[in-house]
Amino acid sequence: MPFLVGDRVTCNAAKVLGNKHAKQRYGRLFKEKELLGDVQRIDGKGRSVKYIVYFDEVATSKAFSARSIRRHSTAAGGNAEASIPTAISISSSSPNPPVEEPHDQESNDVGDGSSLSCHGVQWKVVDGIVEDWRSSPQFGTHILWGNDVEEVHRTPLDYWKLSFPSQMLPDVISWTSDQLPVGCPKATEEEILAVFGVLYSLTRTSEARRDLWSTKDGLFPAPRFGERYGLSRDRFEILLRHLSFCSALEATGDKWAPVRRLVDGFNERRIQKIFPGWQLCVDESVSSWRGKDGDFCSDGMPHVTCIERKPKGVGCELKNCADADTKIILQLEIQEGASIMANKEYVAEYKLAGTAQLLRLTKPWHGSGRAISADSAFASVTTAIACRKNGMHFTGLVKTATRMYPKKYMDEVEFPELGDDVTLVANVEGHNIMAHAWGDKASA
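Residues take numbers from 1 onward in each chain, read along the sequence in its written order. Selection of residues for local features in this predicted model requires a pLDDT of at least 70, selection of side-chain atom pairs for listing and counting requires 80 or more, and totals for whole chains, interfaces and linings are taken over all residues. To obtain the side-chain values, all non-hydrogen atoms of the structure were used and water was disregarded.

*Asks:* Before we go on, may I ask you to explain the packing of helix 5 (residues 189-202) against helix 7 (residues 233-242) in this structure?
*Replies:* Each pair of packed helices gets described by two things: the angle between the helix axes and the distance between those axes. Axis separation between helix 5 and helix 7 bottoms out at 10 Å; the angle between their running directions is 95°. Between helix 5 and helix 7, the interaxial angle falls into the category roughly perpendicular. Seen from helix 5, the contacting residues are Glu191, Val195, Val198, Leu199 and Leu202; seen from helix 7, they are Arg235, Phe236, Leu239 and Leu240. When residues are sorted by character, Ala, Val, Leu, Ile, Met, Phe, Trp, Tyr, Cys and Pro go into the nonpolar class, Asp, Glu, Lys and Arg into the charged class, and all the rest, Gly among them, into the polar class. Split into classes, the residues belonging to the contact of helix 5 with helix 7 amount to seven nonpolar, no polar and two charged. The axes used here are C-alpha line fits, helices contributing only the stretch in contact, and every angle between their N-to-C directions lies in the interval 0 to 180 degrees. Helix numbering and strand numbering both begin at the N terminus, where a helix is a DSSP run of H or I of at least 4 residues and a strand a DSSP run of E of at least 2. Each angle is binned into one of four classes, with values under 35 degrees roughly parallel, values over 145 roughly antiparallel, values of 65 to 115 roughly perpendicular, and all other values oblique. Any pair of residues with heavy atoms lying within 4.5 Å of one another is described as a contacting pair.

*Asks:* I tried to follow the confidence of the model for the protein on my own but got confused; where do I start?
*Replies:* Low-confidence regions, as indicated by low pLDDT, have predicted coordinates that should not be scrutinised in detail. Per residue, pLDDT measures the predictor's confidence, with a range of 0 to 100. Model confidence for the protein is summarised by a mean pLDDT of 83, while 88% of its residues fall at 70 or above. Residue range residues 74-86 is modelled with pLDDT below 50. Its contacts to residues more than four positions away, or to other chains, number 25 contacts. Within the model, the stretch residues 90-111 combines pLDDT values under 50 with 108 contacts to residues more than four positions away or in other chains.

*Asks:* Which parts of the structure should I look at to understand the packing of helix 4 (residues 169-179) against helix 5?
*Replies:* Viewed as axis vectors pointing N to C, helix 4 and helix 5 meet at an angle of 95°, and their least axial separation amounts to 10 Å. In terms of orientation, helix 4 lies roughly perpendicular with respect to helix 5. The segment helix 4 lies against helix 5, with Leu169, Val172, Ile173 and Thr176 engaging Glu189, Ile192 and Leu193. Looking at the contact of helix 4 with helix 5, its residues break down into five nonpolar, one polar and one charged.

*Asks:* Could you clarify how one ought to interpret the pattern of salt bridges in this entry?
*Replies:* A side chain with one charge can pair with a side chain of the opposite charge if their charged atoms come near. Here a salt bridge means any side-chain nitrogen of Lys or Arg lying within 4 Å of a carboxyl oxygen belonging to Asp or Glu. The final tally for this structure, using the stated rule, is 18 salt bridges. With a closest N to O distance of 2.9 Å, Asp43 and Arg41 form a salt bridge. Put simply, Arg260 and Glu336 hold a salt bridge, and the shortest N to O gap is 3.0 Å. Here the residue Arg260 occupies a position in helix 9 (residues 257-273), and Glu336 occupies one in the loop between strand 14 (329-334) and helix 10 (338-341), the gap between them amounting to 76 residues. Assessed through its relative accessible area of 24%, Arg260 is described here as partly exposed. Classification of residues uses two cut-offs on accessible area relative to the type maximum, computed with a 1.4 Å probe and protein chains only: under 20% is buried, over 50% is exposed, and between them is partly exposed. Its relative accessible area of 10% is what places Glu336 among the buried residues. Linked through salt bridges whose partners overlap, the residues forming this network are Asp254, Arg260, Glu336 and Lys344.

Following this line, the structure appears as structure tokens:
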């Protein structure tokens, strides 16, 4: 049976670290030492499939074939996919302001049923969620138009101009012009904006690109993109081919330079112009990619992600933060590959990729008292505590990052009726946290 993202697996330490480093770390027993890890990504298909596994104990990610890893059997038994959905939320009145998750599904639960200990954290069963521990106010989202009166009628173009990092537009025109063939007229602002307009229009039609400049009416009116955008097809194609978001010098030292300034400019502009509401959501997206893979050539995308559960799961993976009220995406972070992401901010401090990513994406709003929601890629007790330390609240679904979380207790509790639930509370480093599980089907 093939492995899935999130599966717990084991592998020999020598295969993970190499004989030299494994022997240095584990001594004479290094050949027998098994390391526990999680499948965080699946690359390739068929016989060439590779499983990218993160190993908790040594904080290392590595690619393996199915023959090199073995499925880990949890103490609670059963498949992790069949586990009961659980949630963790955190709040506190105190003002205290990867590498992938070091998961541990075998919680060391002990107790009489009303209290238990899990990796040193004391949990107590309580009678439901009785109060909201947050003291931070709830507030809505505001778009910052500057000195203009907000009641003025706004067009879609006004919103686009507000969101686009216009401060880099002169550089984009210059960089693109520098890339154009000798003798080709330099790009203008009107032309670059027209290229963006055509690209947006292409997402709304199924017609071939070459047919969009047609002026011959048929059953339906001709698209007439040349008349509509003031840009011939030949000029559009050459500008698109040489469209640049960095200088030629930058592109030689950073594989992600062709898009890094654009993403950074997007993030900076959103901070300047969007005042988000009290609820933020952190998640992931995939930008579909049908071009070359940088692992096999010099001019392909540096890191291609394959996520089978996504509608278009081959492409550039992005972690993002959005405003829950308006659904406006506020921050983007390109997933550049395990080795690069392992050196990003907060990874060394928290040792958890999901925690570090969430903190980086929400950094502009640290200390604001906002409530962050996220799925199991980010959720853990460590993430909840990290949010409180940085002046935020957290709610998330816990599936695999279960260290300090009463996973075994949650898996074994019985729910006689559909919708029955159980709640536990604990205090970690002076912060109150809450674990909650519900039954999505009645016990047999």
